[in-house]
Amino acid sequence: MQQHELDALFDQQAAGYDARWVRMAPIRDSLLFLIDTVFAPLPDDAHVLCVGAGTGAEIGHLARRFPRWTFLALDPSTQMIAACRERALREGFADRCRFHAGVVETLPEEAAFDGATCLLVSQFLLDPDARTAFFASIAHRLRPGGTLVWADLAWDTEAPDYPAMLRLWMETMSGAGLDAAALEQIRANYARDVAILPPDRVAALAEAGGFTPPLRFHQAGMIHGWCARTKDASVSSAR
């Protein structure tokens, strides 16, 4: 799926996005709970980049948890950015948040952020080199030693347990049993539109983009979460 197709898809989903994924809230909440700990060493006045901010769920959580932090909400979908802005106004953190409709490369090339989040975004980059370049673009915008937290769907799709894991994952999302035809359609969609790679391979792509060896600190079903820091000052010193 091309970037413009993804943008159009998320534009269409923005209005009902949170309601659609309410069943998955326990996984989201467990990930955010651990992100609090990963981000705890950041400065009290940290500036955080949220890549693929969507409707702003993680920004809302972090804004409540760290009341002096400021945020840049970044998403290529204008409708998602609008929903994020509405949440910020509704929940009272709009004065600590800037909003930018676009991709990372449209931001100034300066190391302006102490931390970054990127939840369920890089998995849509099917080409490994493009995925590494994506991680590098985030690294260049983090201050020396800045922390990235990200999550993606990941599994070894060639492993014997993948069919069973896929069925379990689909049933978790749908809340109902799936017949063989429905499962095959989802399998085809994943193969075409999502780069589901073994977790170690995802970590290696991020490391190649300028980060220390990532720590995989979370797994729930097929969603894995990692954290890593920029390798050295030269990676993120473009001021």
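What counts and what doesn't
Residues numbered from 1 in each chain as written. Predicted model: local features only at pLDDT ≥ 70, side-chain atom pairs only at ≥ 80, totals over all residues. Heavy atoms only, no water. Helix = DSSP H or I, 4+ residues; strand = E, 2+ residues; numbered from the N terminus. Contact = heavy atoms within 4.5 Å. Core = buried A, V, L, I, M, F, W, Y, C linked by side-chain atoms within 4.5 Å. Buried < 20%, exposed > 50% of the residue type's maximum accessible area, 1.4 Å probe, protein only. Axes fitted to C-alpha atoms, helices over the stretch in contact; angles between N-to-C directions. Parallel < 35°, antiparallel > 145°, perpendicular 65-115°, else oblique. Left-handed = near helix turned anticlockwise from the far one by under 90°. Nonpolar A, V, L, I, M, F, W, Y, C, P; charged D, E, K, R; others polar. pLDDT = per-residue confidence, 0-100. Arc of directions from axis to C-beta. Salt bridge = Lys/Arg side-chain N within 4 Å of Asp/Glu carboxyl O. Pairing = 2+ DSSP bridges.

A. View of the environment of Pro-198. Within the secondary structure, Pro-198 is located in the loop between helix 8 (180-193) and helix 9 (199-208). Excluding anything up to four places from it in sequence, Pro-198 contacts Trp-155 and Asp-156.

B. Inspection of the nonpolar core at higher detail. In terms of nonpolar packing, the biggest core is built from 43 residues, with Ile-35, Ile-59, Trp-69, Phe-71, Trp-169, Tyr-190 and Met-222 touching the most fellow members. When residues no more than four places from it in sequence are discounted, the contact partners of Ile-59 are Cys-50, Ala-53, Phe-71, Ala-73, Cys-84, Phe-93 and Cys-97. In terms of nonpolar packing, the next biggest core, distinct from the first, is built from 26 residues, Leu-49, Cys-118, Val-121 and Phe-211 among them.

C. How the structure looks around the packing of helix 6 (residues 128-139) against helix 9. Between helix 6 and helix 9, the least distance of the axes is 7 Å, while the angle of their chain directions is 55°. By the criterion of interaxial angle, the relationship of helix 6 to helix 9 is oblique. Like other packed secondary-structure pairs, helix 6 and helix 9 cross with a definite hand, here right-handed. Across from Pro-128, Arg-131, Thr-132 and Phe-135 in helix 6, the residues of helix 9 making contact are Arg-201, Val-202, Leu-205, Ala-206 and Ala-208. Each residue belonging to the contact of helix 6 with helix 9 can be placed in one class, and the counts come to six nonpolar, one polar and two charged.

D. Seen up close, the confidence of the model for the protein chain. Across the protein chain, the average pLDDT comes to 88, with 85% of residues at 70 or higher. Low pLDDT, under 50, characterises residues 5-15; the predicted model gives this stretch 16 contacts beyond four residues in sequence or across chains. Contacts from residues 233-239, a stretch scored under 50 in pLDDT, to residues over four places away or in other chains number 18 contacts.

E. Structural detail: the environment of Ser-174. Locating Ser-174 in the fold gives a position in helix 7 (residues 162-174). Measuring from C-alpha to C-alpha, the distance between Ser-174 and Arg-23 comes to 8.3 Å, with 151 residues separating the pair along the chain.

F. Up close: unusual backbone geometry. With a phi close to 60°, Leu-120 is a non-glycine residue in the positive phi region. Mapping Leu-120 onto the fold places it in the loop between strand 4 (113-119) and helix 6. Here Leu-120 falls in the partly exposed class, since its relative accessible area comes to 32%.

G. Just helix 9, in detail. By the burial criterion, the buried members of helix 9 are Pro-199, Val-202, Ala-203, Leu-205 and Ala-206. Viewed along the axis of helix 9, the buried residues span an arc of 155°, placing them on a single side of the element. Summarising the geometry of helix 9, the exposed residues directed more than 90 degrees from the buried face are Asp-200 and Ala-208. Summarising the contacts, the buried residues of helix 9 are in contact with helix 6, strand 5 (142-153), strand 6 (215-220) and strand 7 (223-229). With its phi angle positive at about 120°, Gly-210 sits one or two positions after the end of helix 9.

H. Here's a closer look at the pattern of salt bridges. For the coordinates displayed, the defined rule picks out eight salt bridges. Its salt-bridge partner being Arg-131, residue Asp-152 comes within 3.4 Å of it at the nearest N-O pair. Taken together, the residues span a long stretch of sequence, with Asp-152 in strand 5 and Arg-131 in helix 6 at a distance of 21 residues. A single burial state applies to Asp-152 and to Arg-131, both of which are buried. Through salt bridges with shared partners, a single network forms among Arg-64, Arg-87 and Glu-91.

I. A look at the environment of Asp-29. Positionally, Asp-29 belongs in helix 3 (residues 25-39). On the basis of relative accessibility, which here comes to 40%, the residue Asp-29 falls in the partly exposed class. Sequence-wise, Asp-29 and Glu-58 are 29 residues apart; in three dimensions their C-alpha atoms are separated by 9.3 Å.

J. How the structure looks around the sheet that holds strand 2 (residues 70-75). One open sheet accounts for seven strands, arranged 3-2-1-4-5-7-6; its pairing is mixed. Unpaired on one side and paired on the other, strand 3 (97-101) and strand 6 mark the two borders of the sheet. Recorded for the sheet is a direction-independent mean angle of 15° between the axes of neighbouring strands. Relative to strand 7, strand 5 runs antiparallel, the two sharing seven bridges.

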